[in-house]
Amino acid sequence: MRSLLGASQILAKSSSFFVNSTTRSHSHTLRLNSQFSFPLFKASKAFLSLSLRTFAIMASTDEFVKGSVHPNGVAVITLDRSKALNAMNLDMDIRYKKFLDEWESDPSVKCVLVDSSSPRAFCAGMDIKGVVAEIQKDKNTPLVQKVFTAEYSLICKISEYKKPYISFMDGITMGFGIGLSGHGRYRIITERTVLAMPENGIGLFPDVGFAYIAAQSPGGGSVGAYLGLTGKRISTPSDALYVGLGTDFVPSGSLGSLKEALLGTTFSDDPHQDIKAILARFSGNPTSESQLKLLLPHIVSSFGANKPVNETIEELKKHQLSGEAAVVEWANEALQGLGKGAPFSLCLTQKYFSIVASAHGKNGNELSTLSGVMKTEYRIALRSSLRNDFAEGVRAVLVDKDQNPKWNPASLEEVNHSELETLFEPLSPEVEELRV
C-alpha cells in the first residue's frame, strides 16, 4: 500500500511552470500598471519579447488539447502534453470547453471520446506552480478566479453533457484529471490507472467536485472521505470500480481496438445503446477482489460521516492493534497519509465532505447537485488558495521538494474552526459567484 507521498511525488514530476496563463497575466499587468503611456512602436524590447513569447506559447497550447470529428460522428479530444503528464493550464481548460460547446450543438457529432497521447498519464491535474507564484506577487491577482472558473465550469459542462462522453482513464489520473473524467458518463479504467486526490498534501483541499463523487461512495460516503483525507492512491481496477470512479474495466492493450470500434460504428438514433454494446465486447471483470470492499467496516468506523479528524486518528490507532495484518497495514498507511496533510486542510475536507454526504439524495438541498457543490467549492477554493498553507505546500512538494512543509496552524488542535466556517460564506459583492 502506498501513501500520499507517492501521489505527491508523481504530481511533482508532472507540474511544470504555469507559463502560459502567468505570462499573459504579466503582460496585462505591464500594460495597466505602467506609469507612462507609450505608443506600441516605442515599447521596450523586454515587453516586445514577452509579447512574442506569449504568442508562441498560446500557439503551442493549441497542440496540448487536440480536437477532431471523425466521419461517423465520434468527436475526439486528445490531451497531448506528455512531458507534464497532461497537467492542465488555463488556456487548455478554455480550449477543451470550447470543443465541448461546439460539438454539443452539432447534430453530426454523436459522442465525445477523451484520451491521451501519453502511455503514462491521462491527466495528472492542474498546473499550479505559476498560480502560486502569481498569488505570492499579488493576492488580488485575477488569475485565481479565472483558473477556478474555467475548471469548475468545465466540470459542470462534462457532468451535464447532452451527448455520450467517454474517458480513457489510462495511467495517472489525479486531481483535475478526475474532474475531467469522473463526472462523465463512461469512465474506462485499465490495469495502469492510478487515481488519487493529493491536495491536502499541498495545503489546499480535494476539489474538482470530488466531494460529490465521495458522497455516493460505499459506506455512506465513508470510502470517499477516506480517499480525500488521506490522498490514498487507487491502483487496482477492482477498487476503482468499487468506489465508482470507473464504470468499465478494459485492459490497456485493448484500448486501441476499442477506439477503432467506436470510430468504425454507424450510430443509431440511440448512441448510448451503441456504445454500451461496444463496451460489452471489450470490457471485463478485474481478476482481483476490491481491497477497499474488504476493509469497508474499518473504513466506516474510522471515516464515518461527521467524525472529526482527531477522532479518526484515535480510531485508526485502535486498528493498528488488530490481529489482521491487512488491517494493521491499512491503518498505518492511513495515518501516514493524514500526517502529510495540512491540519487546516484536513479539518476543512472533513467538514466539507460531511456536509455534502449528508445532503446526498435530498431533493431541494443545493449540495445534492453537482452544480450546487461546485458553487460552494468555488467559494472555498478562492479563499483557501490565498492561505499561506497552499504556497508552502507547493514549495515543499513541487518546488524545493524537501517534503517538509511548515503548516500554519501546525496541529489539529490549533485549527480555528470559526475560520473554517467563513470559507463557506457567500463571496463579497465585488467578487462574482460561480455561474453554472
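Residues numbered from 1 in each chain as written. Predicted model: local features only at pLDDT ≥ 70, side-chain atom pairs only at ≥ 80, totals over all residues. Heavy atoms only, no water.

Undergrad: For this particular structure, what's the right way to read the overall build of the protein?
TA: In terms of regular secondary structure, the protein is built from 20 helices and nine strands. Residue burial in the protein is summarised as follows: out of 436 residues, 56% are buried. Residue pairs in contact within the protein that sit at least 24 positions apart in sequence constitute 75% of those at least 6 positions apart. Accessible area for the protein stands at about 18700 Å²; split by element, carbon and sulfur atoms hold 52% of it. (Helix = DSSP H or I, 4+ residues; strand = E, 2+ residues; numbered from the N terminus. Buried < 20%, exposed > 50% of the residue type's maximum accessible area, 1.4 Å probe, protein only. Contact = heavy atoms within 4.5 Å. Areas by Shrake-Rupley, 256 points an atom, 1.4 Å probe, with all protein chains shown as cover.)

Undergrad: Any chance you could explain the sheet that holds strand E3 (residues 111-116) here in plain terms?
TA: Whenever strands of a sheet pair, they do so through backbone hydrogen bonds, lying parallel or antiparallel. Strand order in the open sheet made by the six strands is E1-E2-E3-E5-E7-E9, with mixed pairing throughout. A strand with exactly one partner marks an edge of an open sheet, and here the two such strands are strand E1 (65-69) and strand E9 (248-249). Contacts from helix H4 (residues 90-104) reach E1, strand E2 (74-79), E3 and strand E5 (165-169), with the element oriented near 15 degrees to E1. Its contacts with the sheet put helix H12 (residues 271-282) on E3, E5, strand E7 (186-189) and E9, and the angle it makes with E7 is roughly 15 degrees. (Pairing = 2+ DSSP bridges. Axes fitted to C-alpha atoms, helices over the stretch in contact; angles between N-to-C directions.)

Undergrad: Would you explain the packing of helix H11 (residues 255-263) against H12 in this entry?
TA: Geometry of a packed helix pair, given as the angle between the helix axes and the separation of the axes. Put simply, H11 and H12 touch, their axes get as near as 10 Å, and they point 155 degrees apart. Of the possible angle classes, the one that applies to H11 and H12 is roughly antiparallel. As for the relative orientation of H11 and H12, their crossing is right-handed in sense. Note on element contacts: H12 touches H11 through Ile275, Ile278, Leu279, Arg281 and Phe282, opposite Ser257, Leu258, Ala261 and Leu262. (Parallel < 35°, antiparallel > 145°, perpendicular 65-115°, else oblique. Left-handed = near helix turned anticlockwise from the far one by under 90°.)

Undergrad: Would you explain the side chain of Asp389 in this entry?
TA: Positionally, Asp389 belongs in helix H19 (residues 388-399). Taking relative accessible area as the criterion, Asp389 reaches 0% and is therefore assigned buried. Within the local environment of Asp389, its side chain forms a polar contact with the backbone nitrogen of Asn408, the two atoms lying 2.9 Å apart. Apart from residues lying up to four places away in sequence, Asp389 is in contact with Ile202, Gly203, Ala342, Phe344, Trp407 and Asn408. (Polar contact = N/O pair within 3.5 Å; in protein donor to acceptor, adjacent residues only side chain to side chain.)

Undergrad: Quick question: what am I supposed to make of unusual backbone geometry here?
TA: Backbone geometry follows two general trends: most residues other than glycine have a negative phi, and most peptide bonds adopt the trans configuration. A cis amide bond links Asn408 with the next residue in sequence, Pro409, at an omega value of 5 degrees. With respect to the helices and strands, the residue Pro409 is situated in the loop between H19 and helix H20 (417-422). Of note in this structure, Leu85 is not a glycine but carries a positive phi near 50 degrees. With respect to the helices, strands and loops of the structure, Leu85 is situated in the loop between E2 and H4. Phi is positive for Gln403, close to 55 degrees, though the residue is something other than glycine. Mapped onto the secondary structure, Gln403 falls in the loop between H19 and H20.

Undergrad: Even after reading the chapter, I still don't get the pattern of salt bridges, so can you show me in this structure?
TA: Opposite charge on two side chains lets them pair, provided their charged atoms get close. Applying the stated criterion across every chain, the model contains 19 salt bridges. Asp101 is the salt-bridge partner of Lys97, the closest N and O atoms lying 3.1 Å from each other. You can see Lys97 and its partner Asp101 sitting in helix H4, four residues apart, about one turn around the helix. Lys97 gets classed as partly exposed once you look at its relative accessible area, which sits at 23%. For the salt bridge of Glu433 with Arg379, the shortest nitrogen-to-oxygen distance reads 3.0 Å. Linking Glu433 in the segment after H20 with Arg379 in helix H18 (residues 370-384), this pair joins segments that are 54 residues apart in sequence. Among the residues examined, Glu433 registers a relative accessible area of 27% and is labelled partly exposed. (Salt bridge = Lys/Arg side-chain N within 4 Å of Asp/Glu carboxyl O.)

Undergrad: What's the story with the packing of aromatic side chains in this structure? I'm lost.
TA: Any pair of aromatic rings gets described here by the distance separating the centres and the angle formed by the planes. The full count for this structure, using the stated rule, is eleven aromatic pairs. Here the aromatic rings of Tyr152 and Tyr378 are separated by 6.4 Å at their centres, their planes lie at 75 degrees, and the arrangement is edge-to-face. Taken together, the residues Tyr152 in helix H6 (residues 143-159) and Tyr378 in helix H18 connect sequence positions 226 residues apart. Each member of the pair, Tyr152 together with Tyr378, is buried. (Phe/Tyr/Trp six-rings, centres within 6.5 Å; stacked < 30°, edge-to-face > 60°.)

Undergrad: For this particular structure, what's the right way to read H18?
TA: An α-helical turn contains 3.6 residues, so a residue and the one three or four places further along point in the same direction. The end-to-end C-alpha distance of H18 is 20 Å, a good match for the 21 Å that 15 residues give at a rise of 1.5 Å each. With twelve of its 15 residues buried, H18 lies for the most part within the structure. Burial in H18 covers these residues: Leu370, Ser371, Gly372, Val373, Met374, Thr376, Glu377, Tyr378, Ile380, Ala381, Leu382 and Ser384. (Expected span 1.5 Å × (residues − 1).)

Undergrad: How should the nonpolar core be read in this particular structure?
TA: When a protein is soluble and globular, its nonpolar side chains tend to lie buried together. Counting 101 residues, the largest nonpolar core has Tyr96 and Leu180 as its most contacted members. Looking at which element gives the most residues to this core, the answer is H6, with ten residues. In contact with Tyr96, other than residues within four places in its own chain, are Val65, Ile77, Leu79, Met88, Val114, Leu154, Ile158, Tyr165 and Leu180. Grouped together as the second largest cluster of nonpolar side chains are 18 residues, Val76, Leu113, Phe168 and Phe267 included. (Core = buried A, V, L, I, M, F, W, Y, C linked by side-chain atoms within 4.5 Å.)

Undergrad: Before we go on, may I ask you to explain the packing of H6 against H18 in this structure?
TA: Between H6 and H18, whose axes approach to 10 Å, the crossing angle comes to 165 degrees. Our classification of the angle between H6 and H18 gives roughly antiparallel. As H6 packs across H18, the resulting crossing turns out to be right-handed. For the pair H6 and H18, the contacting residues are Val144, Gln145, Phe148, Thr149, Tyr152, Ile155, Cys156 and Ser159 in the first and Leu370, Ser371, Met374, Glu377, Tyr378, Ala381 and Leu382 in the second. Of the residues in the contact of H6 with H18, the class split is ten nonpolar, four polar and one charged. (Nonpolar A, V, L, I, M, F, W, Y, C, P; charged D, E, K, R; others polar.)

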